[in-house]
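# Examination of the molecular architecture
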Amino acid sequence: MRLSLSAAFVATVLTAAVIFLLRAFPFLLFSKKDPPPFLRFIEKYIPSMIMAILIVYCLKDVRVTVAPFGIASFVGIAVTAVLHLWRNNAMISIFGGTIVYMLLRLL
């Protein structure tokens with residue numbers, strides 16, 4: 001089924017509105033009061049948990065017993081960690097580690 005231009009426009013506007021409202025909801029809800037302890041826990045620990053899960057996911061298919069022994073993956077992760085500790089900037093860390101990993105994969 002093909003959408004007309006106006007239907008695609010309406011769908012895009014509605015999707016943008018829903019996303020905007022979902023992202024604004026926490027700010028609207030907690031603008032006058034502090035969030036509950038459960039949300040403070042999530043805010044503090046979930047980012048590092050997600051990063052650990054992503055590292056495990058990235059390394060799940062690495063074969064360390066066969067050349068090149070996953071060197072590109074481990075160096076990419078190390079570069080990402082060093083860049084993040086050095087600059088504390090997620091974008092620099094992610095792009096830097098990805099670029100190093102991709103360059104090592106080309107070799």
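This text follows the structure it describes.
## Focus: the pattern of salt bridges
Counting across every chain of the model gives 3 salt bridges. One salt bridge connects R40 with D34, and the closest N-O pair in it is separated by 3.7 Å. For R40, a relative accessible area of 41% translates into the label partly exposed. Judged by relative accessible area, D34 falls into the exposed class, the value being 62%. Where D61 meets K60, a salt bridge forms, and the shortest distance between an N and an O atom there is 2.8 Å. A cluster of three or more residues bridged by salt bridges with shared partners is formed by D34, R40 and E43.

## Things to note about a nonpolar patch on the surface
On the surface, M91, F95, I99, L103 and L106 cluster together into a nonpolar patch covering about 570 Å² of accessible area. Inspection of the secondary structure puts I99 in helix α4 (residues 90-106).

## Concerning the packing of aromatic side chains
Tallying each qualifying case throughout the model produces 1 aromatic pair. One Lys or Arg, R87, reaches over the ring of W86 and ends 4.3 Å from the middle of that ring.

## Focus on unusual backbone geometry
The step from A67 to P68 runs through a cis peptide bond, and the omega angle for that step is 5 degrees. Mapping P68 onto the fold places it in the loop between α2 (37-59) and α3 (71-87). Of note in the backbone geometry, F69 takes a positive phi value of approximately 65 degrees without being a glycine. The residue F69 is located in the loop between α2 and α3 in this model. We classify F69 as partly exposed; its relative accessible area is 42%. Positive phi is not limited to glycine here, since N88 has a value of about 55 degrees. By secondary structure assignment, the location of N88 is in the loop between α3 and α4.

## So, the layout of surface pockets
If you add up the space inside the largest pocket, you get close to 870 Å³. Considering the residues around the largest pocket, the lining is formed by 28 residues, among which C58, S73, G76, I77 and Y101 are closest to the centre. Mapped onto the lining of the largest pocket, the elements with two or more residues apiece are α2, α3 and α4.

The rules behind the values
- Numbers given to residues run from 1 along each chain, matching the order in which its sequence is written.
- Only residues with pLDDT of 70 or above have their local features reported here, since the model is predicted, and side-chain atom pairs are shown and tallied only from 80 upward, although totals for entire chains, interfaces and linings are computed over all residues.
- Remark: hydrogens and water are excluded; side-chain values derive from all non-hydrogen atoms of the structure.
- A carboxyl oxygen of Asp or Glu within 4 Å of a side-chain nitrogen of Lys or Arg is what we treat as a salt bridge.
- Burial classification: accessible surface area is computed with a 1.4 Å probe over protein chains only, and a residue below 20% of its type maximum counts as buried, one above 50% as exposed, and the rest as partly exposed.
- Here a patch means residues that are over 30% exposed by relative accessible area and free of salt bridges, tied together within 9 Å if like-charged and within 5 Å if nonpolar (Val, Leu, Ile, Met, Phe, Trp, Tyr).
- Using the Shrake-Rupley algorithm and a 1.4 Å probe, accessible areas are obtained, with residue cover drawn only from the displayed protein chains.
- The secondary structure listing takes helices from DSSP runs of H or I that are at least 4 residues long and strands from runs of E that are at least 2 residues long, numbered from the N terminus.
- Two aromatic rings from Phe, Tyr or Trp, using only the six-membered ring of Trp, form a pair when their centres are within 6.5 Å; if the ring planes differ by under 30 degrees the pair is stacked, by over 60 it is edge-to-face, and anything between is tilted.
- Placement of a charge over a ring requires the Lys NZ or Arg CZ to be within 6 Å of the ring centre, with the centre-to-atom vector within 35 degrees of the ring normal.
- In this analysis a 1.4 Å probe is tested at points of a 1 Å grid over the protein atoms alone, and where it fits but cannot get out there is a cavity; an open set with protein on both sides within 12 Å along at least five of seven lines is a pocket; lining residues have an atom within 4 Å of a point.
- Grid points are joined across faces, edges and corners, and a volume is the space filled by probe spheres set on the points.

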